[in-house]
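# Structural overview
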Amino acid sequence: MPSLFRRKSTDLVDEAVTSVTPDESSDSARSRGYTPAKGRETPKRPAAGRRPGGGAPAKPLSKEEARVRRRELRAEAAAEFRREGGPRDRGPERLLARNVVDSRRTVGTWFFGGALIVLIGSNAAMPAEVRLVSNLLWGALALGVVVDSILISRKIGKLVRERFPKSDQRMGSLYLYAIMRSITFRRMRAPAPRVNLGDPV
């Protein structure tokens, strides 16, 4: 007890500071290469980027759910193709060709219906007069498609030269693209028509 009172007050202050402070320096004063001593807990890394829910895998779909999901994906893909088209439909020249075809009535839209009538009328069981009319109708349809295709191609070529003088689009491929669209029923065309019949292009 007597030795306790003989100690200097500065010694007591030093002991108090030493016992209260657990680390000799704060984390902010540590260097970047600092490695915690053995026995100390390593700081946890932030949870950013981790999968929510502890990384638990998603519940597998049943056969019926997978079938429904595939059907939905096919419907979405078909709707997108109907709206936007595919890689062959890209480019301003292709859009111009589609607008030229969609803004007019084409003989080609009647081609397949006429071909069915011709096929039935050309049957050997039909009278000679019916077979003759069927053959004449077939010739008229074929001639109409040829003339219409020439007119469409000439108009597309003229507009492309005027609006896209530096275009590197192959004109033969563009003409064939427009002709194939002209013999397709309007409701079945993809991408869907953006102009109405009679609209200026």
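Look up a bit, the structure's there.
Figured I'd write up the structure that's included with this text.

Conventions we followed
Residues numbered from 1 in each chain as written. Predicted model: local features only at pLDDT ≥ 70, side-chain atom pairs only at ≥ 80, totals over all residues. Heavy atoms only, no water. Axes fitted to C-alpha atoms, helices over the stretch in contact; angles between N-to-C directions. Helix = DSSP H or I, 4+ residues; strand = E, 2+ residues; numbered from the N terminus. Parallel < 35°, antiparallel > 145°, perpendicular 65-115°, else oblique. Left-handed = near helix turned anticlockwise from the far one by under 90°. Contact = heavy atoms within 4.5 Å. Salt bridge = Lys/Arg side-chain N within 4 Å of Asp/Glu carboxyl O. Buried < 20%, exposed > 50% of the residue type's maximum accessible area, 1.4 Å probe, protein only. Polar contact = N/O pair within 3.5 Å; in protein donor to acceptor, adjacent residues only side chain to side chain.

## Side note on the packing of helix α4 (residues 92-102) against helix α6 (residues 128-163)
In contact at an axis separation of 10 Å, α4 and α6 are set at 140° when each is read in the N-to-C sense. Between α4 and α6, the crossing angle belongs to the class labelled oblique. Relative to α6, α4 is oriented so that their crossing is right-handed. Packed against α4, whose contacting residues are Glu-93, Leu-96, Ala-97, Val-100 and Val-101, the element α6 presents Ile-152, Lys-155, Ile-156, Leu-159, Val-160 and Arg-163 at the interface.

## Some words on the pattern of salt bridges
Summed over the entire model, instances satisfying the criterion amount to three salt bridges. The partner of Arg-189 in a salt bridge is Asp-102, and the shortest N-O contact between them spans 2.8 Å. Of this pair, Arg-189 sits in the segment after α7 (171-182) while Asp-102 sits in helix α4, placing them 87 residues apart in sequence. The buried category is assigned to Arg-189, whose relative accessible area is 3%. Classification of Asp-102 as buried rests on a relative accessible area of 1%. Between Asp-148 and Arg-104 there is a salt bridge whose closest N-O contact spans 3.3 Å. Taken together, the residues Asp-148 in helix α6 and Arg-104 in the loop between α4 and α5 (111-121) connect sequence positions 44 residues apart. Here the salt bridges share partners, and the residues they tie into one network are Asp-102, Arg-181 and Arg-189.

## A few points about unusual backbone geometry
Geometrically, the link from Ala-190 to Pro-191 is a cis peptide bond, its omega value of 0° lying close to zero. Position of Pro-191 among the secondary structure elements: in the segment after α7.

## So, the environment of Ser-103
Examined against the element boundaries, Ser-103 turns out to sit in the loop between α4 and α5. Taking relative accessible area as the criterion, Ser-103 reaches 9% and is therefore assigned buried. Expressed as a C-alpha distance, the spacing of Ser-103 and Leu-197, which sit 94 residues apart in the sequence, is 4.3 Å. Beyond its immediate stretch of four places on either side in the chain, Ser-103 contacts Val-195, Asn-196, Leu-197, Gly-198, Asp-199 and Val-201. Of note is the side chain of Ser-103, whose polar atom sits 3.0 Å from the backbone oxygen of Val-100.

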